[in-house]
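An overview of the molecular structure
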Amino acid sequence: MIVKYIVAIILFSIIILFHELGHFLLAKANNIRVNEFCLGFGPTIVGFTKGETKYSLKLLPFGGACMMEGEDSESDDDRSFQKKSVWARISVVAAGPIFNFIMALAFSMVIIASIGVVKPVVGDVMEGYSAAEAGLQAGDEIVKIGNKNIHFYKEVSMYSLFHEGEIAEITYVRDGEKYTTTLTPTYDEESGRYLYGIYSVGEYTRLGPAKTLVNGIWDVKYWIQYTLKSLEMLVTNQISVNDLSGPVGIVKTIGDTYEESLADGYFYVFLNMLNIGILLSANLGVMNLLPLPALDGGRLVFLVIEAIRRKRIAENKEGMVHFIGLMCLFALMILVMFNDVRKLFV
(Lines give C-alpha, C1' and ligand atoms only; values in the text may rest on other atoms or scores of the structure.)
Protein backbone atom coordinates (compact mmCIF):
# COMPACT_ATOMS: atom_id res chain seq x y z
CA MET A 1 0.00 0.00 0.00
CA ILE A 2 2.84 2.39 0.78
CA VAL A 3 4.20 1.96 -2.77
CA LYS A 4 1.30 3.93 -4.26
CA TYR A 5 2.05 6.89 -2.03
CA ILE A 6 5.75 6.75 -2.86
CA VAL A 7 4.87 6.79 -6.58
CA ALA A 8 2.49 9.69 -5.97
CA ILE A 9 5.07 11.76 -4.09
CA ILE A 10 7.72 11.05 -6.75
CA LEU A 11 5.39 12.20 -9.57
CA PHE A 12 4.31 15.27 -7.63
CA SER A 13 7.94 16.09 -6.83
CA ILE A 14 9.08 15.71 -10.46
CA ILE A 15 6.44 18.23 -11.58
CA ILE A 16 7.45 20.74 -8.90
CA LEU A 17 11.16 20.27 -9.60
CA PHE A 18 10.67 20.86 -13.31
CA HIS A 19 8.84 24.11 -12.53
CA GLU A 20 11.69 25.28 -10.32
CA LEU A 21 14.21 24.07 -12.91
CA GLY A 22 12.74 26.60 -15.33
CA HIS A 23 13.47 29.42 -12.89
CA PHE A 24 16.91 27.94 -12.16
CA LEU A 25 18.08 27.58 -15.77
CA LEU A 26 16.91 31.05 -16.81
CA ALA A 27 18.51 32.53 -13.69
CA LYS A 28 21.81 30.90 -14.62
CA ALA A 29 21.40 31.99 -18.25
CA ASN A 30 20.99 35.59 -17.06
CA ASN A 31 23.98 35.30 -14.68
CA ILE A 32 21.85 35.58 -11.55
CA ARG A 33 23.28 34.08 -8.38
CA VAL A 34 21.17 31.13 -7.14
CA ASN A 35 21.75 30.56 -3.42
CA GLU A 36 19.64 27.42 -3.02
CA PHE A 37 17.67 25.02 -5.18
CA CYS A 38 15.46 22.75 -3.09
CA LEU A 39 12.57 20.32 -3.10
CA GLY A 40 10.10 20.66 -0.24
CA PHE A 41 9.71 22.98 2.72
CA GLY A 42 10.86 22.98 6.32
CA PRO A 43 14.11 21.63 7.80
CA THR A 44 16.75 20.27 5.43
CA ILE A 45 17.04 16.47 5.44
CA VAL A 46 20.01 16.26 3.12
CA GLY A 47 21.90 18.73 0.98
CA PHE A 48 25.17 19.58 -0.68
CA THR A 49 26.80 22.66 -2.14
CA LYS A 50 28.20 22.78 -5.64
CA GLY A 51 29.74 26.01 -6.75
CA GLU A 52 27.70 28.86 -5.31
CA THR A 53 24.43 26.93 -5.01
CA LYS A 54 23.17 24.66 -2.27
CA TYR A 55 21.00 21.75 -3.46
CA SER A 56 18.76 20.30 -0.76
CA LEU A 57 15.83 18.05 0.11
CA LYS A 58 13.46 19.40 2.76
CA LEU A 59 11.28 17.54 5.25
CA LEU A 60 7.89 18.30 3.64
CA PRO A 61 7.98 17.25 -0.05
CA PHE A 62 5.05 19.47 -1.09
CA GLY A 63 6.73 22.33 -2.88
CA GLY A 64 10.11 23.63 -3.87
CA ALA A 65 12.11 26.78 -4.42
CA CYS A 66 14.82 28.40 -6.49
CA MET A 67 16.20 31.01 -4.08
CA MET A 68 17.98 33.79 -5.94
CA GLU A 69 20.19 36.49 -4.47
CA GLY A 70 18.23 39.70 -3.98
CA GLU A 71 14.92 38.20 -5.07
CA ASP A 72 12.93 39.36 -2.03
CA SER A 73 15.46 41.59 -0.27
CA GLU A 74 18.03 44.23 -1.03
CA SER A 75 21.47 43.08 -2.16
CA ASP A 76 24.65 44.83 -3.27
CA ASP A 77 25.70 41.81 -5.34
CA ASP A 78 25.94 42.75 -9.03
CA ARG A 79 24.52 39.32 -9.85
CA SER A 80 21.42 39.75 -7.70
CA PHE A 81 17.96 39.31 -9.22
CA GLN A 82 17.01 42.96 -8.75
CA LYS A 83 20.14 44.22 -10.52
CA LYS A 84 19.19 42.55 -13.79
CA SER A 85 17.14 44.14 -16.57
CA VAL A 86 13.37 43.95 -16.39
CA TRP A 87 13.27 41.62 -19.41
CA ALA A 88 15.80 39.26 -17.81
CA ARG A 89 13.67 39.15 -14.65
CA ILE A 90 10.49 38.57 -16.67
CA SER A 91 12.14 35.61 -18.44
CA VAL A 92 13.20 34.06 -15.11
CA VAL A 93 9.78 34.44 -13.48
CA ALA A 94 7.86 33.22 -16.56
CA ALA A 95 10.15 30.21 -17.07
CA GLY A 96 8.58 28.15 -14.26
CA PRO A 97 5.03 28.04 -15.70
CA ILE A 98 6.39 27.70 -19.24
CA PHE A 99 8.40 24.65 -18.18
CA ASN A 100 5.21 23.17 -16.74
CA PHE A 101 3.52 23.49 -20.13
CA ILE A 102 6.60 21.95 -21.80
CA MET A 103 6.44 19.00 -19.40
CA ALA A 104 2.71 18.58 -20.03
CA LEU A 105 3.39 18.56 -23.80
CA ALA A 106 6.15 15.96 -23.43
CA PHE A 107 3.92 13.68 -21.33
CA SER A 108 1.03 14.11 -23.77
CA MET A 109 3.19 13.25 -26.78
CA VAL A 110 4.40 10.06 -25.09
CA ILE A 111 0.80 8.97 -24.46
CA ILE A 112 -0.36 9.86 -27.99
CA ALA A 113 2.65 8.14 -29.56
CA SER A 114 1.92 5.04 -27.46
CA ILE A 115 -1.84 4.60 -27.95
CA GLY A 116 -3.11 7.44 -30.15
CA VAL A 117 -6.18 9.61 -29.55
CA VAL A 118 -9.95 9.12 -29.36
CA LYS A 119 -11.32 11.28 -32.14
CA PRO A 120 -14.69 13.04 -31.71
CA VAL A 121 -16.49 10.44 -33.80
CA VAL A 122 -20.02 9.37 -32.94
CA GLY A 123 -20.15 5.69 -32.07
CA ASP A 124 -23.93 5.62 -31.55
CA VAL A 125 -26.80 7.85 -30.45
CA MET A 126 -29.30 7.35 -27.63
CA GLU A 127 -32.94 7.05 -28.58
CA GLY A 128 -35.13 9.78 -27.16
CA TYR A 129 -32.30 12.30 -26.94
CA SER A 130 -31.54 15.35 -29.06
CA ALA A 131 -28.69 13.79 -31.08
CA ALA A 132 -30.99 11.08 -32.47
CA GLU A 133 -33.76 13.59 -33.17
CA ALA A 134 -31.29 15.85 -35.03
CA GLY A 135 -30.27 12.94 -37.27
CA LEU A 136 -26.71 12.36 -36.05
CA GLN A 137 -25.41 8.92 -36.98
CA ALA A 138 -22.57 6.59 -36.09
CA GLY A 139 -19.44 7.70 -37.95
CA ASP A 140 -20.22 11.42 -37.90
CA GLU A 141 -17.19 13.42 -36.73
CA ILE A 142 -17.90 16.44 -34.54
CA VAL A 143 -15.53 19.26 -35.51
CA LYS A 144 -17.08 22.23 -33.74
CA ILE A 145 -19.39 23.05 -30.84
CA GLY A 146 -20.47 26.68 -30.79
CA ASN A 147 -17.29 28.66 -31.50
CA LYS A 148 -14.97 25.94 -30.16
CA ASN A 149 -13.06 23.65 -32.51
CA ILE A 150 -13.12 20.01 -31.39
CA HIS A 151 -10.15 17.64 -31.77
CA PHE A 152 -10.85 14.86 -29.22
CA TYR A 153 -14.01 13.26 -27.92
CA LYS A 154 -13.19 14.35 -24.36
CA GLU A 155 -13.67 17.96 -25.54
CA VAL A 156 -17.30 17.09 -26.29
CA SER A 157 -17.64 15.75 -22.74
CA MET A 158 -15.92 18.86 -21.32
CA TYR A 159 -18.26 21.16 -23.22
CA SER A 160 -21.25 19.25 -21.86
CA LEU A 161 -19.85 19.46 -18.31
CA PHE A 162 -19.08 23.18 -18.30
CA HIS A 163 -22.15 24.22 -20.32
CA GLU A 164 -24.61 22.02 -18.49
CA GLY A 165 -28.15 22.35 -19.75
CA GLU A 166 -27.22 24.75 -22.56
CA ILE A 167 -28.36 24.39 -26.17
CA ALA A 168 -25.35 23.71 -28.40
CA GLU A 169 -24.76 24.32 -32.11
CA ILE A 170 -22.90 21.27 -33.44
CA THR A 171 -20.89 21.14 -36.67
CA TYR A 172 -20.07 17.63 -37.89
CA VAL A 173 -18.60 15.97 -40.95
CA ARG A 174 -20.29 13.09 -42.80
CA ASP A 175 -18.85 11.64 -46.00
CA GLY A 176 -16.61 14.68 -46.43
CA GLU A 177 -19.47 17.19 -46.13
CA LYS A 178 -20.03 19.58 -43.22
CA TYR A 179 -23.42 19.88 -41.53
CA THR A 180 -24.67 22.01 -38.66
CA THR A 181 -27.46 21.21 -36.21
CA THR A 182 -28.64 22.31 -32.79
CA LEU A 183 -28.76 19.96 -29.80
CA THR A 184 -30.86 20.52 -26.68
CA PRO A 185 -29.58 18.49 -23.71
CA THR A 186 -31.97 16.30 -21.72
CA TYR A 187 -31.56 15.63 -18.01
CA ASP A 188 -30.73 11.99 -17.27
CA GLU A 189 -31.91 10.82 -13.84
CA GLU A 190 -29.52 7.87 -13.67
CA SER A 191 -26.32 9.85 -14.27
CA GLY A 192 -27.60 13.09 -12.77
CA ARG A 193 -26.37 15.02 -15.82
CA TYR A 194 -27.68 16.73 -18.93
CA LEU A 195 -26.91 14.63 -22.03
CA TYR A 196 -26.97 15.27 -25.76
CA GLY A 197 -27.36 11.53 -26.34
CA ILE A 198 -24.03 10.80 -28.04
CA TYR A 199 -21.80 7.79 -27.47
CA SER A 200 -18.10 7.90 -28.32
CA VAL A 201 -16.73 5.45 -30.87
CA GLY A 202 -14.23 4.64 -28.11
CA GLU A 203 -11.40 3.59 -30.41
CA TYR A 204 -7.89 5.04 -30.35
CA THR A 205 -6.38 6.30 -33.62
CA ARG A 206 -2.60 6.14 -34.04
CA LEU A 207 -0.87 9.21 -35.48
CA GLY A 208 2.41 10.02 -37.19
CA PRO A 209 5.16 12.13 -35.55
CA ALA A 210 3.98 15.51 -36.88
CA LYS A 211 0.35 14.90 -35.91
CA THR A 212 1.49 13.59 -32.52
CA LEU A 213 3.13 16.96 -31.85
CA VAL A 214 0.10 18.94 -33.06
CA ASN A 215 -2.34 16.81 -31.08
CA GLY A 216 -0.06 17.05 -28.05
CA ILE A 217 -0.37 20.85 -28.23
CA TRP A 218 -4.16 20.56 -28.53
CA ASP A 219 -4.18 18.19 -25.56
CA VAL A 220 -2.25 20.65 -23.36
CA LYS A 221 -4.64 23.37 -24.51
CA TYR A 222 -7.53 21.13 -23.44
CA TRP A 223 -6.13 20.77 -19.90
CA ILE A 224 -5.43 24.51 -19.67
CA GLN A 225 -9.02 25.23 -20.66
CA TYR A 226 -10.23 22.60 -18.18
CA THR A 227 -8.31 24.33 -15.39
CA LEU A 228 -9.56 27.80 -16.36
CA LYS A 229 -13.18 26.61 -16.55
CA SER A 230 -12.84 24.97 -13.13
CA LEU A 231 -11.52 28.26 -11.71
CA GLU A 232 -14.44 30.07 -13.32
CA MET A 233 -16.85 27.69 -11.57
CA LEU A 234 -15.07 28.36 -8.27
CA VAL A 235 -15.30 32.14 -8.69
CA THR A 236 -19.00 31.94 -9.66
CA ASN A 237 -19.78 29.66 -6.67
CA GLN A 238 -20.73 26.68 -8.84
CA ILE A 239 -18.17 24.75 -6.80
CA SER A 240 -16.84 25.57 -3.32
CA VAL A 241 -13.40 25.71 -1.72
CA ASN A 242 -14.30 22.38 -0.09
CA ASP A 243 -14.18 20.80 -3.56
CA LEU A 244 -10.53 21.80 -4.04
CA SER A 245 -7.66 19.38 -3.48
CA GLY A 246 -4.26 20.28 -2.08
CA PRO A 247 -1.07 18.20 -1.91
CA VAL A 248 -2.62 15.59 0.40
CA GLY A 249 -5.66 15.12 -1.83
CA ILE A 250 -3.53 15.05 -4.98
CA VAL A 251 -1.20 12.41 -3.54
CA LYS A 252 -4.23 10.31 -2.54
CA THR A 253 -5.75 10.63 -6.03
CA ILE A 254 -2.48 9.64 -7.71
CA GLY A 255 -2.05 6.73 -5.29
CA ASP A 256 -5.60 5.47 -5.85
CA THR A 257 -5.18 5.71 -9.64
CA TYR A 258 -1.92 3.78 -9.40
CA GLU A 259 -3.57 1.04 -7.36
CA GLU A 260 -6.58 0.74 -9.68
CA SER A 261 -4.35 0.64 -12.78
CA LEU A 262 -2.28 -2.30 -11.54
CA ALA A 263 -4.96 -4.75 -12.67
CA ASP A 264 -4.35 -3.67 -16.30
CA GLY A 265 -0.56 -3.97 -16.08
CA TYR A 266 2.37 -1.64 -15.54
CA PHE A 267 2.15 -0.16 -19.03
CA TYR A 268 -1.28 1.28 -18.20
CA VAL A 269 -0.03 2.37 -14.79
CA PHE A 270 2.67 4.32 -16.63
CA LEU A 271 0.17 5.90 -19.04
CA ASN A 272 -2.24 6.84 -16.24
CA MET A 273 0.57 8.42 -14.23
CA LEU A 274 1.56 10.45 -17.29
CA ASN A 275 -2.06 11.50 -17.80
CA ILE A 276 -2.31 12.76 -14.23
CA GLY A 277 1.07 14.41 -14.75
CA ILE A 278 -0.34 16.36 -17.72
CA LEU A 279 -3.27 17.61 -15.64
CA LEU A 280 -1.11 18.57 -12.64
CA SER A 281 1.63 20.21 -14.71
CA ALA A 282 -0.83 22.23 -16.83
CA ASN A 283 -2.73 23.11 -13.65
CA LEU A 284 0.44 24.29 -11.89
CA GLY A 285 1.40 26.37 -14.92
CA VAL A 286 -2.01 28.07 -15.09
CA MET A 287 -2.26 28.65 -11.34
CA ASN A 288 1.19 30.23 -11.20
CA LEU A 289 0.33 32.61 -14.03
CA LEU A 290 -2.72 33.99 -12.22
CA PRO A 291 -2.10 37.70 -11.49
CA LEU A 292 -2.17 37.17 -7.73
CA PRO A 293 0.42 38.41 -5.23
CA ALA A 294 3.15 35.90 -4.25
CA LEU A 295 2.54 33.82 -7.41
CA ASP A 296 4.66 34.07 -10.56
CA GLY A 297 1.75 35.83 -12.26
CA GLY A 298 1.63 38.47 -9.53
CA ARG A 299 5.35 39.12 -9.91
CA LEU A 300 4.94 39.37 -13.68
CA VAL A 301 2.27 42.05 -13.22
CA PHE A 302 4.74 44.25 -11.34
CA LEU A 303 7.47 43.56 -13.90
CA VAL A 304 5.21 44.38 -16.87
CA ILE A 305 4.14 47.62 -15.16
CA GLU A 306 7.84 48.40 -14.64
CA ALA A 307 8.58 47.71 -18.33
CA ILE A 308 5.77 50.06 -19.39
CA ARG A 309 6.61 52.82 -16.89
CA ARG A 310 10.37 52.33 -17.30
CA LYS A 311 10.52 52.82 -13.58
CA ARG A 312 10.45 50.34 -10.74
CA ILE A 313 7.69 50.20 -8.18
CA ALA A 314 9.15 50.76 -4.70
CA GLU A 315 10.53 47.43 -3.45
CA ASN A 316 8.98 47.85 0.02
CA LYS A 317 5.51 48.37 -1.49
CA GLU A 318 5.84 45.41 -3.85
CA GLY A 319 7.25 43.29 -1.02
CA MET A 320 4.30 44.13 1.23
CA VAL A 321 1.81 43.16 -1.48
CA HIS A 322 3.55 39.82 -2.02
CA PHE A 323 3.79 39.23 1.75
CA ILE A 324 0.04 39.76 2.20
CA GLY A 325 -0.61 37.51 -0.79
CA LEU A 326 1.68 34.84 0.65
CA MET A 327 -0.15 34.90 3.99
CA CYS A 328 -3.49 34.55 2.19
CA LEU A 329 -2.07 31.71 0.11
CA PHE A 330 -0.84 29.91 3.24
CA ALA A 331 -4.27 30.34 4.85
CA LEU A 332 -5.93 28.82 1.76
CA MET A 333 -3.42 25.95 1.70
CA ILE A 334 -4.11 25.18 5.38
CA LEU A 335 -7.87 25.19 4.72
CA VAL A 336 -7.53 22.92 1.68
CA MET A 337 -5.14 20.58 3.52
CA PHE A 338 -7.59 20.37 6.43
CA ASN A 339 -10.36 19.40 4.00
CA ASP A 340 -8.08 16.84 2.34
CA VAL A 341 -7.30 15.20 5.68
CA ARG A 342 -10.97 15.32 6.71
CA LYS A 343 -11.98 13.54 3.48
CA LEU A 344 -9.63 10.67 4.36
CA PHE A 345 -11.89 9.80 7.30
CA VAL A 346 -15.36 10.34 5.81
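Scroll up for the structure.
Definitions and cut-offs
- Residues numbered from 1 in each chain as written.
- Predicted model: local features only at pLDDT ≥ 70, side-chain atom pairs only at ≥ 80, totals over all residues.
- Heavy atoms only, no water.
- 1 Å grid on protein atoms, 1.4 Å probe; cavity = no way out; pocket = protein on both sides within 12 Å on 5 of 7 lines; lining within 4 Å.
- Points joined across faces, edges and corners; volume = space filled by probe spheres on them.
- Helix = DSSP H or I, 4+ residues; strand = E, 2+ residues; numbered from the N terminus.
- Nonpolar A, V, L, I, M, F, W, Y, C, P; charged D, E, K, R; others polar.
- Salt bridge = Lys/Arg side-chain N within 4 Å of Asp/Glu carboxyl O.
- Buried < 20%, exposed > 50% of the residue type's maximum accessible area, 1.4 Å probe, protein only.
- Contact = heavy atoms within 4.5 Å.
- Expected span 1.5 Å × (residues − 1).
- Axes fitted to C-alpha atoms, helices over the stretch in contact; angles between N-to-C directions.
- Parallel < 35°, antiparallel > 145°, perpendicular 65-115°, else oblique.
- Left-handed = near helix turned anticlockwise from the far one by under 90°.
- Patch = residues over 30% accessible without salt bridge, like charges linked within 9 Å, V, L, I, M, F, W, Y side chains within 5 Å.
- Areas by Shrake-Rupley, 256 points an atom, 1.4 Å probe, with all protein chains shown as cover.
- Lys, Arg positive; Asp, Glu negative; His and termini not counted.
- Charge placed at Lys NZ, Arg CZ, Asp CG, Glu CD.

1. Thoughts on empty space enclosed by the protein
- One pass over the full model with this rule turns up one cavity of 30 Å³ or more.
- Considering only enclosed or pocket space, the largest cavity measures out at about 130 Å³ in volume.
- Every residue along the wall of the largest cavity is listed here: Phe81, Gln82, Arg89, Val93, Arg299, Phe302, Leu303, Glu306, Arg312, Ile313, Glu315 and Glu318.
- Contributions of two or more residues to the lining of the largest cavity are made by helix 2 (86–115), helix 8 (296–309) and helix 9 (315–343).
- Residue contributions to the lining of the largest cavity peak at four residues, all from helix 8.
- Each residue belonging to the lining of the largest cavity can be placed in one class, and the counts come to five nonpolar, one polar and six charged.

2. Brief notes about the pattern of salt bridges
- By the definition in use, this model includes ten salt bridges.
- What emerges from the salt-bridge pattern is a single network uniting Lys28, Arg33, Glu52 and Arg79.

3. Concerning helix 4 (residues 153–162)
- Burial runs high along helix 4: seven of the ten residues are buried.
- Taken residue by residue, helix 4 has Tyr153, Glu155, Val156, Met158, Tyr159, Ser160 and Phe162 as its buried positions.

4. Describing the environment of Ile254
- By the element assignment, Ile254 lies in helix 6 (residues 247–261).
- Taking relative accessible area as the criterion, Ile254 reaches 1% and is therefore assigned buried.
- The spatial distance from the C-alpha of Ile254 to the C-alpha of Tyr5 is 7.8 Å, given a sequence separation of 249 residues.
- Here Ile254 is in contact with Ala8, Leu11, Met273, Ile276 and Leu280, once residues within four sequence places are set aside.

5. With respect to helix 5 (residues 209–235)
- Taking 1.5 Å per residue as the helical rise, helix 5 with its 27 residues ought to reach 39 Å, and the 39 Å between its terminal C-alpha atoms agrees with that figure.
- Listed as buried for helix 5 are Thr212, Asn215, Gly216, Asp219, Val220, Tyr222, Trp223, Thr227, Leu231 and Met233.
- Looking at the buried side of helix 5, the elements it contacts are helix 2, strand 3 (117–118), helix 4 and helix 7 (266–289).
- One or two steps after helix 5, the chain reaches Asn237, where phi turns positive at roughly 65°.

6. Things to note about the layout of surface pockets
- When its volume is computed, the second largest pocket comes out at roughly 380 Å³.
- Lining the second largest pocket are 19 residues, with Ile111, Ile115, Lys154, Tyr204 and Asn275 sitting closest to its centre.
- Listed by contribution, the elements that provide at least two residues to the lining of the second largest pocket are helix 2, strand 3, helix 4, helix 5 and helix 7.
- For the lining of the second largest pocket, the per-class residue count stands at 13 nonpolar, four polar and two charged.

7. What to know about the packing of helix 1 (residues 2–29) against helix 2
- Remark: helix 1 packs on helix 2, axes separated minimally by 7 Å, with the N-to-C direction vectors making an angle of 140°. With respect to their mutual orientation, helix 1 and helix 2 come out oblique. Of the two elements, helix 1 crosses helix 2, and the hand of that crossing is right-handed. Across the interface between the two elements, Ile14, Ile15, Phe18, His19, Leu21, Gly22, His23, Leu25, Leu26 and Ala27 of helix 1 pack against Ser91, Val92, Val93, Ala95, Gly96, Pro97, Phe99, Asn100 and Met103 of helix 2.
- Residue composition of the contact of helix 1 with helix 2, grouped by class: 13 nonpolar, six polar and no charged.

8. Brief notes about a negative patch on the surface
- On the surface, Glu74, Asp76, Asp78 and Glu315 cluster together into a patch of negative charge.
- Given a relative accessible area of 37%, Glu315 falls into the partly exposed group.

9. Regarding a nonpolar patch on the surface
- A cluster of nonpolar side chains, namely Phe41, Ile45, Val46, Leu57, Leu59 and Leu60, defines an oily patch on the protein surface of about 540 Å² accessible area.
- Of all the elements in the fold, those that place two or more residues in the nonpolar patch are strand 1 (34–50) and strand 2 (53–68).
- Counting through the fold element by element, Ile45 comes out in strand 1.
- By relative accessible area, Ile45 is classed as exposed at 52%.

Geometric values such as these leave the question of function open.
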